[in-house]
Amino acid sequence: MSLLTIRSLVKSFGANTVVKDFDLHMQDSEFISLLGPSGCGKTTVLRIVAGFETPSTGSVEIDGQNVTGLRPNQRKIGMMFQSYALFPNLTVAGNVAFGLKVSGVSASETTRRVDEMLAMVGLSGFGARYPYQLSGGQQQRVALARAIAPRPRVLLLDEPLSALDAKIRVALRGEIRAIQRELGITTLFVTHDQEEAMAMSDRVVVMNGGRAEQVGTPDEIYNRPASRFVAQFIGALNMLPATLRDAATGMVETPIGPLSLERSLPQSNGTALTLAFRPESLRLIADGEALPPQNFSGRLMTREFLGAIVRFRAEVAKDLTLGIDCFNRTGETLPQIGHEVRLGIPAQEILVLN
Ligand SMILES: Nc1ncnc2c1ncn2[C@@H]1O[C@H](COP(=O)(O)OP(=O)(O)O)[C@@H](O)[C@H]1O
Ligand SMILES: [Mg+2]
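Please read all numbers here as calculations on a predicted model, not as lab measurements.

Caption draft 1: Fine view of the overall build of the protein chain. Of regular secondary structure, the protein chain possesses eight helices and 20 strands. A principal-axis box enclosing the C-alpha atoms of the protein chain has dimensions of 75 × 50 × 35 Å. Scored against the burial criterion, the 354 residues of the protein chain give a buried share of 32%. The contacts of the protein chain with a sequence gap of at least 6 include a subset with a gap of at least 24, amounting to 62%.

Okay, here's the thing in C-alpha cells:
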C-alpha cells in the first residue's frame, strides 16, 4: 500500500491554476524529490500535503487515511524549510522539544528524545545554545532534529539546503539521506537543483507548469527522459536537427552527415526530428584508434578543465557546436583548442525528442 497518496490534485489561486492534475503514490520509506524550475508549483504541492493550503480539487491520503480535511497538526507530518525557521528565543534543546511538548510527551521522555535527536544530527552537547550561536548548517541540523523528533509519518522538506554554502550543502544532503534511511521515514523533498534531486532520491518527479512531466528513478529520468522539457532540464544536452530518411532502419540525415539510430521510428520518412545526446556520450577518438561506425570531425573551440572532467566544445558544422565531456585520466593527453578531432556517437545513446 502506498504510504502517501496524492490524487488528481488541482490548485488555483484566482484564475491562476498552479497545480494541474497532479498524482503521486509514495511507498513506505521512499525518498522522492519534486524537481522543477522556480514557480512550477513544488511548494504549493508540499503545502497542500502539509495542510497549509486547501486543494481546489483532489485529495491527500496518508497511511490509507484521507487527510484532505485535517489541520496540519492532525496529520503527523514533519516539516523543514529553506530559511532557518528556528524559534530564536528557544535553545537548541527547546527547539527540538517543541513538537514533543505540543503532542504531550512526558518531560523525561522529551529529554531522552531530544538527546537522541541531537546525537543523530551530530549536535550532541549543543542543547543549551541559542540559534544565533550556530552556523547555517548547524541551524538546519537542528531544524531537521525538530522535524523528526515527534516521529512523523511523513517528512516534508522545502529546499532545506538552498541557503547553504556548496560544501556544506553536499555534506548535509548525504547526512539527511542517511538519517532518512536509518529512520525509514517517507520523505518528500522539494528542490530546483537537479544534481541534489538525482543524488538523494529513490524517485524524482520532474514538474513543469504545475504538472508532473515524468516520475522515475534518477537513472530513468536522465537516460530515458519522457519529454523534451525533462531532457533539457536534467543535465547538459547536445541537440542536432535531423531529417528522417528511412523510418524502418532509423536512418537520418544531419548536418554532420548520415547517422543510423539502429532502431525503427514511428514517424514517417521526411519528418524533421530533433536528436539529442549527452556530452559524455560523445567519444573523442585518439589518433591511430580504430574509427567507430558513426564518426565525424570537429574543431575544438573551448576547453574547460573541471578536475575529474575536461569539457570541450567542438564546431562540427557551420553554426553547430557540440559539448564533449572527457574523463581526466592520468597518462592520457587530451587535445588542445584549435585541434581537428574525430568524434564518435553510439547509436543507442541518441535520443529522439518529441
Ligand atoms: N498564496 C498564493 N497566492 C497566489 N499565488 C500563489 C500563492 N502561492 C503560490 N502562488 C503562485 O503559484 C505558483 C507556484 O508557486 P510555488 O508552488 O511556490 O512554486 P515553486 O515552489 O515551484 O517555486 C507561482 O506562480 C506563485 O506565484
Ligand atoms: Mg518553492
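Caption draft 2: The packing of helix α4 (residues 136-148) against helix α5 (residues 166-183), seen in detail. The contact between α4 and α5 brings their axes to 11 Å, and the two run at 15°. Relative to α5, the element α4 lies roughly parallel. For the pair α4 and α5, the crossing hand works out as right-handed. Every residue of α5 that contacts α4 at Gly137, Gln140, Leu144 and Ile148 is listed here: Ile168, Leu172, Ile176 and Leu183. Of the residues that constitute the contact of α4 with α5, the class distribution is six nonpolar, two polar and no charged.

Caption draft 3: View of the environment of Leu157. Looking at the secondary structure, you find Leu157 in strand β7 (residues 154-158). Since 26 C-beta atoms lie within 10 Å of it, Leu157 is described here as buried. Between the C-alpha atom of Leu157 and that of Thr302, which follows or precedes it by 145 residues, the distance is 39 Å. Apart from the residues lying within four places of it in its own chain, the contact partners of Leu157 are Met80, Thr187, Phe189 and Val190.

Caption draft 4: Representation of the site of ligand 1 in the model. All residues in the neighbourhood of ligand 1 are listed as Phe13, Val18, Gly36, Ser38, Gly39, Cys40, Gly41, Lys42, Thr43 and Thr44. Take the shell around ligand 1: its biggest share by element is three residues, from helix α1 (residues 42-50). Tallied by class, the residues present in the shell around ligand 1 amount to three nonpolar, six polar and one charged.

Caption draft 5: Expanded view of the pairing of strand β1 (residues 4-13). Note: β1 against strand β4 (residues 57-62), five bridges, orientation antiparallel. Across the sheet, residue Thr5 finds its bridge partner in β4, namely Glu61. Alignment of β1 against strand β2 (residues 16-26), held across seven bridges, turns out to be antiparallel. Counted as the bridge partner of Ser12 is Thr17 from β2. With antiparallel pairing between neighbouring strands as the criterion, β1 and β2 make up a hairpin whose turn holds two residues, including Gly14 at a positive phi of roughly 60°.

Caption draft 6: Spotlight on the nonpolar core. If you look at the biggest cluster of nonpolar residues, it comprises 81 residues, and the most contacted ones within it are Val96, Ala145, Leu156, Leu188, Val205 and Val206. The dominant element in this core, judged by the number of residues it contributes, is α4, at six residues. Two domains each put at least three residues into this core: domain 1 (4-233) and domain 2 (238-353).

Caption draft 7: How the structure looks around the sheet that holds strand β16 (residues 295-305). What the five strands build is an open sheet, ordered β15-β19-β16-β17-β18; its pairing is antiparallel. Each of the sheet's edge strands pairs with one partner strand only, and the pair in question is β15 (283-285) and β18 (320-327). Averaged over all pairs of adjacent strands, the angle between strand axes in this sheet comes to 45°, irrespective of strand direction.

Caption draft 8: Examining the packing of helix α2 (residues 92-102) against helix α3 (residues 107-120) more closely. Remark: α2 packs on α3, axes separated minimally by 9 Å, with the N-to-C direction vectors making an angle of 125°. Considering the angle they form, α2 stands oblique to α3. In terms of crossing hand, the pair formed by α2 and α3 is right-handed. Contacts between α2 and α3 pair Ala93, Val96, Ala97, Leu100 and Lys101 from the former with Thr110, Arg113, Val114, Met117 and Leu118 from the latter. Among the residues making up the contact of α2 with α3, the classes are represented as seven nonpolar, one polar and two charged.

The rules behind these values
Residues numbered from 1 in each chain as written. Chains lettered and ligands numbered in written order. Predicted model: local features only at pLDDT ≥ 70, side-chain atom pairs only at ≥ 80, totals over all residues. Helix = DSSP H or I, 4+ residues; strand = E, 2+ residues; numbered from the N terminus. Buried ≥ 20, exposed ≤ 12 C-beta atoms within 10 Å, placed from the backbone. Contact = placed C-beta atoms within 7 Å. Axes fitted to C-alpha atoms, helices over the stretch in contact; angles between N-to-C directions. Parallel < 35°, antiparallel > 145°, perpendicular 65-115°, else oblique. Left-handed = near helix turned anticlockwise from the far one by under 90°. Nonpolar A, V, L, I, M, F, W, Y, C, P; charged D, E, K, R; others polar. Near = placed C-beta within 6 Å. Pairing = 2+ DSSP bridges. Core = buried A, V, L, I, M, F, W, Y, C linked by C-beta atoms within 7 Å. Domains from an automatic or database assignment.

As far as function goes, none of this settles anything; it's purely spatial.
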